[in-house]
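Fold and contact review
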Amino acid sequence: MGLEGVRVAVLGAGRMGSAIIRGLVAAGAEVIATGRRRETLERAAALGARTTRSNTEAVDEADIVVIAVKPFNYPEVAEEIAGHVAGKVVASIMAGVTLKILDKTLPGAETYRAMPNIGALVGRSVTALALRDGGGRGSNWRLVEEVFKTIGSVVWIPESLMDAWTALAGSGPGILAEIIDAMILGGVAAGLRRDVATKAVAEQLRAIADLLEEKHPAAIRDEVATPGGTTIAGIHALSSYSPRRMLMDAILAAAEKSRELSEYVANELAKKLNID
Ligand SMILES: NC(=O)c1ccc[n+]([C@@H]2O[C@H](COP(=O)([O-])OP(=O)(O)OC[C@H]3O[C@@H](n4cnc5c(N)ncnc54)[C@H](OP(=O)(O)O)[C@@H]3O)[C@@H](O)[C@H]2O)c1
């Protein structure tokens, strides 16, 4: 299934919305994007979308709607579009906004919850789509997958794992960037120029990403670690800092924070939207 001629409304053409618009336009979809400020609309227009300040107009014209505003802007958007979504497919990328909230606030819509990541900016998001209780996807799941495949790849996970996903795939790029920066500085400390060290790390990340398709990380490590060689000397030095413990703790801390924030978002929205 392609997206040629499919009409997609992107409500909130911000950072993530713009990445989605870029992917959709490249895939041949007809995009109508919204925002409140002129700059937002101009940026979306430059990416090839039609634009409007009216979320209802965008929804009325669309086959599928992507909601990409911040969670705390959702109440105003929900109020605006609630009467216009019956029978439409609506996918939200808002962190912490549950399927339950979407279902209660968008009567008659077929709702989806998606969590893309920063990779979307370069067409390499890995986006989680939430399975409903009991494992159901919704009858238009292929169309929704197609939309998110325009910015990268897609996996389906139970909604209860969205916070774990946010930690690993959402915060992961930031945590990896921290490690990468330290590795680059290690190269600089060993005498390489920063740009050369950066290229060395960037290229090996690409290679490792490809190798991971076929091999366990431990197998990749064992191939590089010649007995008595440089790699095992580096790994030996690293092991005195418990890197596994540190990184597993980092992901678990991010997951805990995501749970806290999701709960806060859900409670605040429930109050504003009068949901019990
Ligand atoms: N950034 C990420 O890495 C990431 C990853 C996964 C999920 N998300 C989710 O994606 C959503 C957007 O994040 P972002 O980083 O792209 O934020 P952002 O850059 O602030 O984009 C949000 C956009 O929504 C527009 N907006 C606000 N109220 C609106 C309204 N009533 N009607 C129409 N448009 C409205 C804003 O445009 P105006 O200022 O012109 O109104 C703004 O450009 C959030 O819910 C976030 O949880 C983000």
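1. Quick notes on the site of the ligand
The immediate surroundings of the ligand are formed by 23 residues, with Met-16, Arg-36, Arg-37, Thr-40 and Val-69 found nearest. A distance of 2.8 Å separates a nitrogen atom of the ligand from a polar atom in the side chain of Glu-76. Within the contact set of the ligand, an oxygen atom lies 3.0 Å away from a backbone nitrogen or oxygen of Ala-95. Protein chains shield 85% of the accessible area of the ligand, which is 890 Å² for the free molecule. Class assignment of the residues belonging to the shell around the ligand gives a composition of eleven nonpolar, seven polar and five charged.

2. Some remarks on helix α11 (residues 243-272)
With 30 residues, α11 extends 43 Å between its outermost C-alpha atoms, agreeing within 8% with the 44 Å of an ideal straight helix rising 1.5 Å per residue. When α11 is considered as a whole, its buried residues turn out to be Ala-254, Ala-255, Ser-258, Ser-262, Val-265, Ala-266, Glu-268, Leu-269 and Ala-270. Contacts from the buried residues of α11 go to α4 (74-81), α5 (99-105) and α7 (162-189). One or two positions beyond α11, positive phi appears at Asn-274, with a value near 55°.

3. Regarding the packing of aromatic side chains
For the structure on display, the rule yields two aromatic pairs. Ring centres of Phe-72 and Tyr-264 lie 6.0 Å apart, and the angle between their planes is 65°; this geometry places the pair in the edge-to-face category. Linking Phe-72 in the loop between β4 (64-67) and α4 with Tyr-264 in helix α11, this pair joins segments that are 192 residues apart in sequence. Using a relative accessible area of 47% as the deciding quantity, one classes Tyr-264 as partly exposed. The interplanar angle of 85° and the centroid separation of 6.1 Å between the aromatic rings of Trp-141 and Trp-156 together place this pair among those described as edge-to-face. In this pair, Trp-141 is assigned in helix α6 (residues 141-149) and Trp-156 in strand β8 (residues 152-158), connecting sequence segments 15 residues apart.

4. Some details on the packing of α7 against helix α8 (residues 194-211)
Running from amino to carboxyl end, α7 crosses α8 at an angle of 130°, the nearest separation of the two axes being 9 Å. Classed by the angle they form, the pair α7 and α8 counts as oblique. Note on packing geometry: the crossing formed by α7 with α8 is right-handed. On α8, the residues touching Ile-180, Asp-181, Met-183, Ile-184, Leu-185 and Val-188 of α7 are Arg-194, Ala-197, Thr-198, Val-201, Gln-204 and Leu-205.

5. Concerning the pairing of β8
Bridge analysis of strand β7 (residues 125-131) against β8 gives seven bridges, and the strand direction is parallel. Bridge pairing in β8 links Ala-130 to Ile-157. Following the chain from β7 across α6 to the adjacent parallel β8, one finds a crossover that is right-handed.

6. Side note on the domain arrangement of the chain
Often, the extent of an interface is quoted as the loss of accessible area upon association of its parts. Taken domain by domain, the chain holds domain 1 (7-159) and domain 2 (166-254). Relative to domain 2, the C-alpha centre of domain 1 lies at a distance of 34 Å. Contacts between domain 1 and domain 2 engage four residues on the former and four residues on the latter. Between domain 1 and domain 2 lies a buried interface of about 260 Å² when both sides are counted; carbon and sulfur atoms form 69% of it.

What counts as what
Residues numbered from 1 in each chain as written. Predicted model: local features only at pLDDT ≥ 70, side-chain atom pairs only at ≥ 80, totals over all residues. Heavy atoms only, no water. Near = heavy atom within 4 Å. Polar contact = N/O pair within 3.5 Å; in protein donor to acceptor, adjacent residues only side chain to side chain. Areas by Shrake-Rupley, 256 points an atom, 1.4 Å probe, with all protein chains shown as cover. Nonpolar A, V, L, I, M, F, W, Y, C, P; charged D, E, K, R; others polar. Helix = DSSP H or I, 4+ residues; strand = E, 2+ residues; numbered from the N terminus. Expected span 1.5 Å × (residues − 1). Buried < 20%, exposed > 50% of the residue type's maximum accessible area, 1.4 Å probe, protein only. Contact = heavy atoms within 4.5 Å. Phe/Tyr/Trp six-rings, centres within 6.5 Å; stacked < 30°, edge-to-face > 60°. Axes fitted to C-alpha atoms, helices over the stretch in contact; angles between N-to-C directions. Parallel < 35°, antiparallel > 145°, perpendicular 65-115°, else oblique. Left-handed = near helix turned anticlockwise from the far one by under 90°. Pairing = 2+ DSSP bridges. Right-handed = clockwise from strand over helix to strand, strands pointing away. Domains from an automatic or database assignment. Buried area = accessible area lost by both parts, 1.4 Å probe.

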